[in-house]
Amino acid sequence: MLRFKEFVPGKGLKERAAGLAREEGALIRVTSASSDEETRTQLRAAFQRGDLATWGYDDAYAARAADPNAILAGACSIICVAIPYVSNTDENLGAPLQGRVSNYAWPGEDYHKRVRGVLSKIAQALDEFAGASVTALVCDTTPFAERAFAARAGLGWVGKHTNLISPELGSFVFLGEIITTLELPIDMPLKKTCGSCTRCITACPTGALRGDYTIDATRCISDLTQRTDDIPREMRPLIGTWIWGCDICQLVCPPTQRAPAVQWASGDAQPSLLALVRVHSGEFKRRYRRTAMGWRGAAVLRRNAAVALGNHGDRSSVPTLVQALNEDPHPMVRGHIAWALGRIGSPQAFAALRERHAIETNTTVREEITSALSFG
Ligand code: B12
Ligand code: SF4
Ligand code: SF4
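Residues numbered from 1 in each chain as written. Chains lettered and ligands numbered in written order. Predicted model: local features only at pLDDT ≥ 70, side-chain atom pairs only at ≥ 80, totals over all residues.

Asks: Whenever I open this one, the confidence of the model for the chain confuses me. Can you help?
Replies: Detailed reading of the predicted model is not advised wherever pLDDT is low. Taken over all residues, the pLDDT of the chain has a mean of 92, while the share at 70 or more is 92%. Taken as a whole, residues 4-11 scores under 50 in pLDDT and shows eight contacts with residues more than four places along the chain or in a different chain. (pLDDT = per-residue confidence, 0-100. Contact = placed C-beta atoms within 7 Å.)

Asks: Got a minute to help me understand the pairing of strand β2 (residues 77-84) in this structure?
Replies: For a regular strand, side-chain orientation follows a simple rule: the groups alternate between the two sheet faces. The buried fraction of β2 is high, at eight of eight residues. Burial of β2 is two-sided: the residues Ser77, Ile79, Val81 and Ile83 facing one way and the residues Ile78, Cys80, Ala82 and Pro84 facing the other way are all buried. Sheet topology note: the β2/strand β7 (residues 173-180) ladder contains eight bridges and is antiparallel. Considered in β7, the bridge of Ala82 is made with Leu175. (Buried ≥ 20, exposed ≤ 12 C-beta atoms within 10 Å, placed from the backbone. Helix = DSSP H or I, 4+ residues; strand = E, 2+ residues; numbered from the N terminus. Pairing = 2+ DSSP bridges.)

Asks: Just to check I follow, could you spell out the site of ligand 1 for this structure?
Replies: Surrounding ligand 1, one finds 37 residues, the nearest of these being Ala46, Ser102, Val158, Ser222 and Gly245. Elements represented by at least two residues in the shell around ligand 1 include exactly α3 (37-49), α6 (146-152), β7 and α8 (221-226). Residue composition of the shell around ligand 1, by class: 21 nonpolar, eleven polar and five charged. (Near = placed C-beta within 6 Å. Nonpolar A, V, L, I, M, F, W, Y, C, P; charged D, E, K, R; others polar.)

Asks: Looking at this model, I keep getting lost on the environment of Leu309. Mind explaining?
Replies: Within the element layout of this structure, Leu309 appears in helix α13 (residues 298-312). Remark: the alpha-carbon pair of Leu309 and Thr241, spanning 68 residues in sequence, is separated by 7.3 Å. Setting aside its immediate chain neighbours within four residues, Leu309 contacts Leu273, Val277, Ser317, Leu321 and Ala340.

Asks: Please clarify how unusual backbone geometry should be interpreted in this entry.
Replies: In this structure, Asp140 takes a positive phi of about 70° despite not being glycine. Inspection of the secondary structure assignment puts Asp140 in the loop between β4 (135-138) and α6. Note on Asp140: 14 C-beta atoms within 10 Å, which makes it partly exposed.

Asks: Explain the sheet that holds β7 here, please?
Replies: What holds strands together in a sheet is hydrogen bonding between their backbones, with the strands either parallel or antiparallel. Within the open sheet, the four strands sit side by side as β1-β2-β7-β4. Their pairing is antiparallel. On the outer flanks of this sheet lie β1 (27-32) and β4, each paired with one strand and no other. Recorded for the sheet is a direction-independent mean angle of 20° between the axes of neighbouring strands. In this structure, β1 lies alongside β2, joined through six bridges in antiparallel fashion. Looking at β2, one finds that Ser32 is bridged to Ser77. (Axes fitted to C-alpha atoms, helices over the stretch in contact; angles between N-to-C directions.)

Asks: Help me understand the nonpolar core, please; the structure alone is not making it clear to me.
Replies: Nonpolar side chains in soluble globular proteins generally cluster together in the buried interior. Ranked by size, the top nonpolar core spans 105 residues in total, and within it Cys80, Val81, Ala82 and Leu341 carry the most contacts. If you count residues domain by domain, this core takes at least three from each of domain 1 (4-97 + 106-180) and domain 2 (271-376). In contact with Cys80, not counting residues within four places along its chain, are Ile28, Arg29, Thr31, Phe149, Ala150, Ala153, Leu155, Leu175 and Glu177. (Core = buried A, V, L, I, M, F, W, Y, C linked by C-beta atoms within 7 Å. Domains from an automatic or database assignment.)

Asks: I'm lost on the domain arrangement of the chain in this one. Help?
Replies: Put simply, an interface is often sized by how much accessible area is lost when its parts join up. For the chain, the domain assignment lists domain 1 (4-97 + 106-180) and domain 2 (271-376). With five residues of domain 1 in contact, the opposing surface of domain 2 contributes nine residues. Taken together, the residues that form the side of domain 1 that touches domain 2 break down as two nonpolar, one polar and two charged.

Asks: I tried to follow the packing of helix α15 (residues 331-344) against helix α16 (residues 347-359) on my own but got confused; where do I start?
Replies: What describes two packed helices is the angle between their axes and the distance between those same axes. Taken N-terminus to C-terminus, the directions of α15 and α16 make an angle of 145°; their axes are 8 Å apart at the nearest point. Relative to α16, α15 is oriented so that their crossing is left-handed. Judged by residue contacts, Ala338, Leu341, Gly342 and Ile344 of α15 engage Ala349, Ala352 and Leu353 from α16. A class-by-class count of the residues in the contact of α15 with α16 yields six nonpolar, one polar and no charged. (Left-handed = near helix turned anticlockwise from the far one by under 90°.)

Printed below as a string of structure tokens:
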């Protein structure tokens, strides 16, 4: 095991890492790479309750996610990194027939690339110092309890909305970690909690937040808009006009509201729903494939746009929806379009539903149309 203090008596490697992070507007804190039994227990409990049912996580995932050595054998320290992202979603809200995109997905390109860039820069400094590869990078897709380790490192605390809140940056931060075999001085967890605040719990439109720092993710709009199968009918009206992710619990969060505004985005924050409900492969590849809202494919975005149009309830969208009901090749999308037309409920919408019912061959879509016609 290398002890960096023995090699660098002056300016420490941790300070170097902090400086590199600061150049990117990011913050770091360090914790040891010992496995975390409490985290493992919390993860297992959440999975057993079915909180993450759509993600297929199990006991083996919990064990792995709580043990940094499962990612890098001989791991000694973890540098936890918080990278702020755009935090001003309220612009142009309510513009006609536009969908809401969670601000983490605004950037023109997928945020994983940016996070990896910051992590790689720091990891490279460590590897160069050691003269060997002594690091492994973690961001998002690796089985790893990122929020729990970030909290243990004192980067912030996990709020009742279950996001990590940095006292300096708020909760609109991406997390990433550099696990290393080097031993670095560790930081202490913060002694902060949410106290008696309950704003996120009251604001959540779907009742996903329980108030005990846990979430039923199957009710979270972020989860619902990322699914590849049907959105349960009873949840559709609660989604409002979100078409990818949801920020409500963070927008109302006082420490996040107090955090300095950050602008790092060039993407489409409020796409036109009438265009999105018809987005097909060429246009999808050009506009969305490389963004954070592209990984589930075009049909998921068309489905989400249909639900948002239904919730907008604007009769001017009916002709576009009717055309899509008759032309969309994906049964899931046709089913959600039928729901939207039923929710809008104009005579033209019901007439189109009846006509389609007469020729629709897919059983699930027919059932959606029957249900939509019952709105009338
Ligand atoms: C699956 C997943 C989701 C799921 C489930 C979310 C959830 N809350 O579990 C869905 C799709 C809903 C989701 C949504 C979002 N996600 Co997400 N998601 C993940 C992912 C891949 C795994 C999370 C996981 O394992 N969840 C299981 C739960 C049980 O574990 P946990 O969240 O890690 O919680 C631990 C801590 O909270 C700890 N804990 C700490 N203190 C305390 C105190 C008490 C009292 C208790 C009980 C527990 C506790 O207990 C838990 C177990 O260790 C992580 C990346 C990763 N690998 O960690 C990103 C991640 C959590 N998501 C992220 C983001 C940005 C989001 C969204 C904001 C995106 C959006 N705008 O739509 C929303 C936020 C919704 C919300 N309110 O949580 C960021 C969070 C950044 C931050 N500041 O915390 C992460 C870390 C990705 C990243 N690398 O930046 N996400
Ligand atoms: S992201 Fe939205 S739906 Fe999910 S917990 Fe927060 S407010 Fe509720
Ligand atoms: S809104 Fe209040 S309760 Fe919710 S996470 Fe923020 S500080 Fe905590």
